[in-house]
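# Summary of structural features
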Amino acid sequence: MKQSFLPVDRLIQEPYSGILGYPKATKKQIALRIVELQELGISGVLFEGPMTIGTVNVLGKGYAGIVVLAKKGTKKIALKIRRTDSPRKTMEQETILLRAANKAGVGPILLHSSKNFIVMEYLDGKKIFDWISDLRGKGSASKLKVVIKKVLSDCYRLDTAGIDHGELSNITKHVIVGKSVKMIDFESSSLERRVSNVTSATQAIFIGSGLAKTVQKIYSVPPRPKIISVLREYKKQRTQQSFDNVLEILKI
Ligand SMILES: Nc1ncnc2c1ncn2[C@@H]1O[C@H](COP(=O)(O)OP(=O)(O)O)[C@@H](O)[C@H]1O
Ligand SMILES: [Mg+2]
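In this text the structure is predicted, and so the values were computed from the model without any measurement.

What follows concerns the nonpolar core. Ranked by internal contacts, the top residues of the largest apolar core, which has 67 residues, are Val68, Ala78, Leu79 and Ala201. If one sorts the elements of this core by residue count, helix H5 (residues 140-161) sits on top with six residues. Built from parts of two domains, this core gets at least three residues from each of domain 1 (5-121) and domain 2 (125-249). Contact partners of Ala201, with chain neighbours within four places excluded, come to Val151, Leu152, Cys155, Leu168 and Ile171.

In structure tokens, the structure reads:
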């Protein structure tokens, strides 16, 4: 991966302006965003990562934001840039939710935020789907169990804190596995909805299509009805004991 550090004031130029104001922005909007970045103390952006937009590499892209690797002082951070066509007018709501998740010990650490940006801990790793697909050889099952246990424990923390992540039925894109195992993207989360993190994630990992098929190849998971019944009990009780039962049935 090529390292190309670009000082913030150079983002006014193409093709970089196209990332800062993706998919479309006026010169004035770009100039204002550059000031906003300077106020956040961002010194520059490192255009590298697994995804490309035009000719530029980024860490990732979603419906609400583009995430790039950036520098604040000597520290590498992840910078989420609000897409100009995002349904959200500001990053305020996502900031509130990420802060709440952090308080529960979950998610990348929130460092700063502003109208159009979230500055957070950079997670160096692979998306859980890719990580599992690349798992091979001896010890795979126990490595996988460690990762799943961390994911479900984070889900339990969110459930207990009353935060519903909202996109865990599609968990493949929302967990990054590297030195740490962390859930990302609280853009669709809610403090009002009924929480379903543990149940959604367990279903996605063990019952749904996609991820579940790969997991089943690595270790023999219990029969579906058994998983469903222990989840049903957890849903009713939502206690540590009922969560521990879920882990026990899943053999993690
Ligand atoms: N803290 C982070 N560290 C590293 N990569 C990240 C981080 N946050 C997001 N990403 C990458 O950026 C992508 C888009 O981020 P996401 O928060 O899902 O945006 P959206 O709200 O638009 O869906 C993610 O799928 C992931 O690949
Ligand atoms: Mg997303």
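Around ligand 1, a shell composed of 19 residues is seen, among which Gly60, Gly62, Val67, Ala78 and Asp185 lie nearest. Tallied by class, the residues present in the shell around ligand 1 amount to 10 nonpolar, three polar and six charged. Here the shell around ligand 1 gathers at least three residues from each of two domains, domain 1 (5-121) and domain 2 (125-249).

When strand E8 (residues 110-113) meets strand E9 (residues 117-121), the two strands line up antiparallel, connected through three bridges. Paired with His112 across the bridge in E9 is Val119. In this antiparallel pair of consecutive strands, E8 and E9, the connection spans three residues.

On to the domain arrangement of the protein chain. Here the protein chain is partitioned into domain 1 (5-121) and domain 2 (125-249). Taking the mean C-alpha position of each, domain 1 and domain 2 sit 28 Å from one another. Counting from both sides, the interface comprises 12 residues of domain 1 and, opposite them, 13 residues of domain 2. Class assignment for the residues of the side of domain 1 that touches domain 2 results in eight nonpolar, three polar and one charged.

Burial of strand E6 (residues 65-72) is extensive: seven of the eight residues sit out of reach of the surface. Where strand E2 (residues 44-46) and E6 come together, three bridges link them in antiparallel fashion. Within E6, the residue paired with Val45 across the bridge is Ala70. Where strand E5 (residues 60-61) lies against E6, two bridges are found, and the strand directions are antiparallel. Paired with Gly60 across the bridge in E6 is Val67. Hairpin connection between E5 and E6: a loop of three residues separates the two successive antiparallel strands.

Calculation notes
Residues numbered from 1 in each chain as written. Chains lettered and ligands numbered in written order. Predicted model: local features only at pLDDT ≥ 70, side-chain atom pairs only at ≥ 80, totals over all residues. Core = buried A, V, L, I, M, F, W, Y, C linked by C-beta atoms within 7 Å. Buried ≥ 20, exposed ≤ 12 C-beta atoms within 10 Å, placed from the backbone. Helix = DSSP H or I, 4+ residues; strand = E, 2+ residues; numbered from the N terminus. Domains from an automatic or database assignment. Contact = placed C-beta atoms within 7 Å. Near = placed C-beta within 6 Å. Nonpolar A, V, L, I, M, F, W, Y, C, P; charged D, E, K, R; others polar. Pairing = 2+ DSSP bridges.

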